[in-house]
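# Structural overview for review
In case you want the letters, here they are:
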Amino acid sequence: MLLIKNAEVVSSNRTDTADVWIEGTTIVQVGGSLKTIPVETIDAKGLMLIPGVIDTHVHFRQPGMEWKEDIKSGSSAAAAGGVTTVFDMPNTIPPTVDESSLTAKRKAFSEQSLVNYGIFIGAASSNMDFLNTAENVPGIKVFMGSSTGSLLLSDEKELEKVFACGSRLIAAHAEDEALLLLNKEKYRSANQASFHPLIRSPETALTATVKAVQFSQKYQRRLHLLHLSTQEEVEYLSGIYHKKHITAEVTPHHLVLSSPECYEQLNTFAQTNPPVREKRHSQALWTALKKGVIHTIASDHAPHLVSEKEKGYGLAPSGVPGVETSLPLMLNQVNKGQCSVHEIVKWMCENPALMFRLKNKGFIKKGFDADLVLVDMKKRKKVQNGRLFTKPNWSPYDGWTVQGWPVITFVNGQIAFREGEIMTSTLGKEVVFNKYEFRSQ
Ligand code: DOR
Ligand code: ZN
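What this report covers is the structure whose coordinates are included nearby.

Cut-offs and rules
Residues numbered from 1 in each chain as written. Chains lettered and ligands numbered in written order. Predicted model: local features only at pLDDT ≥ 70, side-chain atom pairs only at ≥ 80, totals over all residues. Heavy atoms only, no water. Axes fitted to C-alpha atoms, helices over the stretch in contact; angles between N-to-C directions. Helix = DSSP H or I, 4+ residues; strand = E, 2+ residues; numbered from the N terminus. Parallel < 35°, antiparallel > 145°, perpendicular 65-115°, else oblique. Left-handed = near helix turned anticlockwise from the far one by under 90°. Contact = heavy atoms within 4.5 Å. Nonpolar A, V, L, I, M, F, W, Y, C, P; charged D, E, K, R; others polar. Pairing = 2+ DSSP bridges. Polar contact = N/O pair within 3.5 Å; in protein donor to acceptor, adjacent residues only side chain to side chain. Near = heavy atom within 4 Å. Areas by Shrake-Rupley, 256 points an atom, 1.4 Å probe, with all protein chains shown as cover. Phe/Tyr/Trp six-rings, centres within 6.5 Å; stacked < 30°, edge-to-face > 60°. Lys NZ or Arg CZ within 6 Å of the ring centre and 35° of its normal. Salt bridge = Lys/Arg side-chain N within 4 Å of Asp/Glu carboxyl O. Buried < 20%, exposed > 50% of the residue type's maximum accessible area, 1.4 Å probe, protein only. Expected span 1.5 Å × (residues − 1). Bend = angle between axes of the 7 residues up to and from the residue.

Turning next to the packing of helix H7 (residues 202-219) against helix H8 (residues 231-238). It is the contact of H7 with H8, at a shortest axis distance of 8 Å, that shows an interaxial angle of 25 degrees. Overall, the two elements H7 and H8 adopt an arrangement that is roughly parallel. Of the two possible hands of crossing, H7 and H8 adopt the one that is right-handed. Contacts between H7 and H8 involve Pro202, Ala205, Leu206, Thr209, Val210, Val213 and Gln214 on the former and, on the latter, Glu232, Glu233, Tyr236 and Leu237. Residue composition of the contact of H7 with H8, by class: seven nonpolar, two polar and two charged.

With that settled, consider the sheet that holds strand S7 (residues 83-88). The three strands lie next to each other as S6-S7-S8, forming an open sheet whose pairing is parallel. Because the sheet does not close on itself, it has two edges, and the strands there are strand S6 (53-58) and strand S8 (116-119). Taking the axes of each pair of neighbouring strands and ignoring which way they run, one obtains an average angle of 20 degrees across the sheet. As judged from the four bridges shared by S6 and S7, these two strands associate in the parallel manner. Bridge pairing in S7 places valine 58 opposite aspartate 88. Most of the contacts of helix H2 (residues 99-112) go to S8, to which it runs at about 170 degrees, and overall it touches S7 and S8.

It is worth spelling out the sheet that holds strand S14 (residues 296-297) at this point. The strand order across the open sheet formed by six strands is S9-S10-S11-S12-S13-S14, and the pairing between neighbours is parallel. Whereas interior strands pair on both sides, the edge strands pair on one side only; in this sheet they are strand S9 (121-122) and S14. Alignment of S9 against strand S10 (residues 140-143), held across two bridges, turns out to be parallel. What sits directly across from glycine 122, in S10, is lysine 141. Lying on the sheet, H7 is in contact with strand S11 (170-173), strand S12 (223-225) and strand S13 (246-250); it crosses S12 at an angle near 165 degrees.

Turning next to the side chain of asparagine 183. Looking at where asparagine 183 falls in the secondary structure, it is placed in helix H5 (residues 177-186). Polar side-chain contacts of asparagine 183 include one of 2.8 Å to the backbone oxygen of isoleucine 199. When near neighbours in sequence (up to four residues on either side) are disregarded, asparagine 183 contacts Leu198, Ile199, Ser201 and Thr204.

Turning our attention to the site of ligand 1. Close to ligand 1 lie 13 residues, the nearest being Arg61, Ser147, Thr148, His173 and Asn273. One of the side-chain N or O atoms of histidine 173 is found 3.0 Å from an oxygen atom in ligand 1. Here an oxygen atom of ligand 1 and a backbone polar atom of asparagine 273 are 2.7 Å apart. Alone, ligand 1 offers 290 Å² of accessible surface; in the complex the protein occludes 100% of this.

Take the packing of aromatic side chains next. Throughout the structure, instances matching the rule amount to 13 aromatic pairs. Ring geometry for phenylalanine 87 against phenylalanine 356: centres 5.0 Å apart, planes inclined by 85 degrees, an arrangement best described as edge-to-face. Of this pair, phenylalanine 87 sits in strand S7 while phenylalanine 356 is found in the loop between helix H14 (341-355) and strand S15 (372-382), placing the two residues 269 residues apart along the sequence. Ring geometry for phenylalanine 389 and phenylalanine 417: centres 6.5 Å apart, planes at 90 degrees, overall edge-to-face. Taken as a pair, phenylalanine 389 in the loop between S15 and strand S16 (401-411) and phenylalanine 417 in strand S17 (residues 414-418) lie far apart in primary sequence, 28 residues in all. Through pairs of rings, three or more aromatic residues link up here, namely Phe87, Phe120, Phe356 and Phe433. A cation over an aromatic ring shows up here: lysine 365 above the ring of phenylalanine 363, its NZ or CZ 4.6 Å from the ring centre.

All right, on to the pattern of salt bridges then. Throughout the structure, instances matching the rule amount to 17 salt bridges. A salt bridge links arginine 188 to glutamate 185, with the shortest nitrogen-to-oxygen separation between them at 2.8 Å. Residue arginine 188 is classed as exposed on the basis of its relative accessible area of 64%. Overall, the relative accessible area of 46% leaves glutamate 185 in the partly exposed class. In this structure, arginine 280 and glutamate 232 form a salt bridge, with 3.0 Å as the shortest nitrogen-oxygen distance. Taken together, the residues span a long stretch of sequence, with arginine 280 in helix H11 (residues 279-291) and glutamate 232 in helix H8 at a distance of 48 residues. Residues joined in a network through salt bridges with shared partners are Glu156, Asp176 and Lys211.

Bringing the environment of lysine 382 into the picture now. Here lysine 382 is to be found in strand S15. On the basis of relative accessibility, which here comes to 44%, the residue lysine 382 falls in the partly exposed class.

One full turn of an α-helix is made of 3.6 residues, so residues set three or four places apart face in the same direction. The end-to-end C-alpha distance of H14, which contains 15 residues, comes to 20 Å, matching closely the 21 Å that a straight helix rising 1.5 Å per residue would cover. At tryptophan 347, H14 shows its strongest bend, of approximately 35 degrees. Of all 15 residues that make up H14, 14 are buried, and the element is covered over most of its length.

Right, let's talk about unusual backbone geometry for a bit. For the bond from glutamine 62 to proline 63, the omega torsion is 10 degrees, close enough to zero to count as cis. Mapped onto the fold, proline 63 is located in the loop between S6 and helix H1 (71-80). Between serine 259 and the following residue, proline 260, the backbone shows a cis peptide bond with an omega angle of 5 degrees. Structurally, proline 260 is set in the loop between helix H9 (252-256) and helix H10 (261-266).

Moving on, we get to the packing of H5 against H7. It is the contact of H5 with H7, at a shortest axis distance of 9 Å, that shows an interaxial angle of 165 degrees. Judged on the interaxial angle alone, H7 and H5 are roughly antiparallel. Judged by the sense of rotation from one axis to the other, the crossing of H5 with H7 is right-handed. Together, Leu179, Leu180 and Asn183 of H5 and Glu203, Thr204 and Thr207 of H7 make up the contact between the two elements. Here the residues of the contact of H5 with H7 are counted per class, giving two nonpolar, three polar and one charged.

Here it is in structure tokens:
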């Protein structure tokens, strides 16, 4: 038995000072006392205990691009960032679009991931059967516009077919391919990342989002909109009724970075799809989160090497690492008064568990998995390139002093990360998807 004593146990609606008892992989009691003598006691006085973060959008690059990241390095970065469950995206090499690639990825995660995991499958032009028969996956990822890798479903008829056939969740990367191609032509001499939000304009995002929502409404299909990035998208969504089956995500970079500064300071190191845009967009995204139009924050951890990013605009790949910094950045926002720690728990722990129907995750409750993070809200530390667990070892937040850090991360009752160190003996498990309905809180 493991006992975490005197922690401030935080949920989306309350904080209680309580002892939390863990037996094996499970939380067996919250509050009160037990007669059993614990094998280990951790005194958490002055620390907050939150459910482990469930990051439903990461790119761990294995198989096929292990030079950028692999399951071990990516999951170490996750544990260091207080993330106890990740959902990996299918744009690997080969892409996760059939039974054999899914089985191989599953095996690799089961042998190498330090944190729990789910594996998204990808919609390709001719894998409809697989999309509906694959077992225990968070959903189907659809790239409506091209991004990193070869996965793309820009043909409207094919896209409609995916929405029409089957019932499982569709996670949409909504950027309109036709408009992207037109804009790429228009700005073909673009030579720096500040052009990125012009090419991948608000209109490209809105057009695709509207299309996905319309198909979702037409077929009453569960839709999860990934990384919303514009004021226009959230205003459109706010005006739609009868959309209980539609949820939306935002990333920390779209919340805390804005143009033009990010491109002046970081150039291609701030280049990501969809792009970071002007302040009016990040402000609208915050408002949408607060109003419940956006339900969750996920990192879209998309690691690329410094040498790849240094190739300059046009050659550099899009994407920024983030799984290791998303919780600290958001806790920093709590310390700045932008939101409450309860909201963070709702957006990063509880809602992901509810939205994806995860069995026994997302809450500090008796019978739930002991995926927990002890957080020191007073701890101030600089994010520093060269001092990260993610393989490329850089961050767009290099040099930022951030207040609010995870100090211990528990995955299934075992310590995976403690004060700067990764415990490599721990392994995560594949999550289990339940059948109950989504209830956003
Ligand atoms: O910027 C991005 N990078 N957006 C994506 O959709 C993919 C990601 C990646 O895999 O690098
Ligand atoms: Zn992504």
